[in-house]
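Each chain is listed here by its residues.
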Amino acid sequence: MRKAAHNCEGKMLRYLWKSLKRWRAIELGPIAQVFRLDRSTPVTRNGGRRVRQAGARHRRWLAIPAAPASQPYAPTGAVPAPSQPPAKELALIVGVGPGYGYALARRLAREGMAVVVAARNAVRLDTLVAQIESEGGTAFAYGCDATNEASVTGLFSHVAAQHGVPDLVVYALQSFGPGLTIDVEVPAFEEGWRKNCLGSFLVARAAARAMLLRERGTIILTGSTSSLLGRAGHLNLAVGKFGQRALAQVLARELWSQGIHVAHIVIDADIHEGQGREDGGPQSDPEHISETIIALHRQPRSAWSSELDVRPWNEQFWEHC
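Residues numbered from 1 in each chain as written. Predicted model: local features only at pLDDT ≥ 70, side-chain atom pairs only at ≥ 80, totals over all residues. Heavy atoms only, no water.

**Details of the overall build of the protein**
What the protein contains, in helices and strands, is eight helices and nine strands. The long-range fraction of contacts in the protein, counting pairs at least 24 apart against all pairs at least 6 apart in sequence, stands at 69%. Accessible area of the protein: about 18100 Å², with a carbon and sulfur share of 56%. (Helix = DSSP H or I, 4+ residues; strand = E, 2+ residues; numbered from the N terminus. Contact = heavy atoms within 4.5 Å. Areas by Shrake-Rupley, 256 points an atom, 1.4 Å probe, with all protein chains shown as cover.)

Okay, structure coming up:
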């Protein structure tokens, strides 16, 4: 009896919580207050000490001469470009997590870039920053909720003040809440859209506004199999990823002519994060995916790509769909 009562109480609490997460409106004459309850999202505060230390370390990095850069391709007979000192580049990755995000940050640092990594939990990223620094690279961690406009604006303000305008911005956040459409709750559907699509928009818009001042830069949005295919049980991922792909296409048409390279990369793969799949299936090495990101960023302007797809060599196309 006691166990049955406990289960009944648990069901009632879950039902109550779901009902509280629905949007409600209180009419106040010609306006309305719209609200819903949700779990709070802790985001590391970018306090004065964190920001000041990042700025000081960045200035020390700038004082170190850059390694010689490889010469860009020039057609036969073209007039050589005037010799210039190699530029130091700044990369910003938003939505950094184990696997792809960590590997990309380390690879960009080895490329000689100063790397800003951002996630809600910047304290967790401090370990990644320390690892990059121990390997001779330069990195900084900031807290940011990519689905919150004020948080994204604050991140780019800190980056601009302490580091400058990023040469490369990568949106790496992905959220997947599996479930059949008839079972999907509105809050879960909304969360998937916010992380996979809205966050992409907020970050890409902020990056574009900053890069337009210099008329150069690269913005890369990270997609998945669900960017192209609506698979059963993947509604919460596919809707946001379809929107993210549309965003990348619109931005490319709007920004390419102004010197900003926008690209969408479809990762049709399970990414290796330190352990193999239980079914022994193929996985992509995040280090190898990172090489593709570097190649996209380094493409000459006369041969830009707007979209690339990557997958393991031993997997048939869309095998897991």
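**Quick notes on the sheet that holds strand β5 (residues 138-143)**
Read across the sheet, seven strands follow the order β5-β4-β3-β6-β7-β8-β9 without closing on themselves; strand pairing throughout is parallel. Both outer strands of the open sheet, β5 and β9 (307-310), are each paired with one neighbouring strand and no more. For this sheet, the mean angle separating the axes of adjacent strands, direction not counted, is 20 degrees. Pairing of strand β4 (residues 114-119) with β5 involves six bridges; the strand directions are parallel. What sits directly across from A114, in β5, is T138. Of the strands in this sheet, β3 (90-94), β4, β6 (168-171), β7 (217-224) and β8 (260-267) touch helix α3 (residues 100-110), which is tilted by about 175 degrees from β3. (Pairing = 2+ DSSP bridges. Axes fitted to C-alpha atoms, helices over the stretch in contact; angles between N-to-C directions.)

**A few points about the nonpolar core**
Residues L155 and I219 are the most contacted members of the largest nonpolar core, which totals 36 residues. Core analysis: the next-biggest nonpolar cluster, separate from the first, contains 33 residues, A91, Y102, I132 and A263 among them. (Core = buried A, V, L, I, M, F, W, Y, C linked by side-chain atoms within 4.5 Å. Buried < 20%, exposed > 50% of the residue type's maximum accessible area, 1.4 Å probe, protein only.)

**Thoughts on the side chain of D145**
You can see D145 is positioned in the loop between β5 and α5 (149-162). Buried within the structure, D145 lacks any salt-bridge partner; R120 is the closest side chain of opposite charge, at an N-O distance of 5.4 Å. Polar side-chain contacts of D145 include one of 2.8 Å to the side chain of T147. Apart from the residues within four sequence positions on either side, D145 is in contact with T41, V43, R120, S151 and V152. (Lys, Arg positive; Asp, Glu negative; His and termini not counted. Salt bridge = Lys/Arg side-chain N within 4 Å of Asp/Glu carboxyl O. Polar contact = N/O pair within 3.5 Å; in protein donor to acceptor, adjacent residues only side chain to side chain.)

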